[in-house]
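Summary of structural features
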Amino acid sequence: MAESFTVLDPASAPAQGSLTEKKSEFIADICHVDELAQAMSFVESIRQHHPKARHVAYAAICGDEGRLAERMSDDGEPSGTAGKPILDVLRANHLTDCAVTVTRYFGGILLGSGGLTRAYSSAAALAVKAANTARIVTCVRLRMTVTYPQLDTLTHVIAQSGGVQDNEQYTDVVTLDALIEQSKASAFHTRVIEAFRGSVHAEQVGVEHRAIQ
């Protein structure tokens, strides 16, 4: 299975790429979205930002291989010359949870189907290149309980394993979660056993996908 990546740039400050082809300007914006409804809101915000543009074509992908959702639009361009080339760029870069718009200001010269396809694809690729991206990895969520004197050691073990500490609860003891890449989970269990001589146990309570830079 190929690795997946996502875009970190928010809708409020999308990454951008642009080009000019035979006097037509193509401006591509890309941002992170968690669902297609957010993608549609992003598209609408771009339309409002460019009220005089002839077309705002877009593509969006959300989810993973098990529940992938895609949407695209040519926005009035000849069928297959705008939305699909943009979507193909996202697919080729193994991106998900992101939306790309390409805004076109018509320059008065017709580009033909081939020219349009290349222009929309190239503009989208420039936006992807400009974006802040992160690898999506499968992580296990492991829950542990330690005493206060043990906390620093556990924090160190989690950091050594490239994990993320989360959901700390402080009472007479400390209960917390560690998010560890699935491929490193076995080694993490071993480190915990060795560090605490078997007195601390890591219980798996979930599996989730996270963006790792």
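Residues numbered from 1 in each chain as written. Predicted model: local features only at pLDDT ≥ 70, side-chain atom pairs only at ≥ 80, totals over all residues. Heavy atoms only, no water.

Here we look at the confidence of the model for the chain
Any region with low pLDDT has predicted coordinates that should not be read closely. The share of residues in the chain with pLDDT of 70 or more is 98%, and the mean pLDDT across the chain is 94. Within the chain, the element-level pLDDT minimum falls on strand 11 (residues 203-212), averaging 86, and the maximum on strand 7 (residues 98-105), averaging 98. (pLDDT = per-residue confidence, 0-100. Helix = DSSP H or I, 4+ residues; strand = E, 2+ residues; numbered from the N terminus.)

Thoughts on the pairing of strand 8 (residues 133-146)
Note that strand 1 (residues 4-7) and strand 8 share four bridges and pair antiparallel. Paired with threonine 6 across the strands is alanine 134, a residue of strand 8. The pairing of strand 8 with strand 11 spans nine bridges and is antiparallel. Its bridge partner being in strand 11, leucine 142 is matched across the sheet by glutamine 204. When strand 8 meets strand 10 (residues 174-181), the two strands line up antiparallel, connected through eight bridges. What sits directly across from valine 140, in strand 10, is isoleucine 180. (Pairing = 2+ DSSP bridges.)

Looking at the UniProt feature "domain: UPF0029" (unreviewed entry) in the chain
Under the present numbering, the feature "domain: UPF0029" (unreviewed entry) in UniProt falls on residues 145-198. Within the segment residues 145-198, helix and strand shares are 41% and 31% respectively, and the terminal C-alpha atoms sit 12 Å apart. (UniProt positions renumbered as here; feature names shortened; annotations may be inferred.)

A look at the environment of histidine 55
Note that histidine 55 resides in strand 4 (residues 55-62). Residues histidine 55 and glycine 17, spaced 38 residues apart in sequence, show a C-alpha to C-alpha distance of 16 Å. Engagement of the side chain of histidine 55 in a polar contact is seen with the backbone oxygen of aspartate 75, the distance being 2.7 Å. (Polar contact = N/O pair within 3.5 Å; in protein donor to acceptor, adjacent residues only side chain to side chain.)

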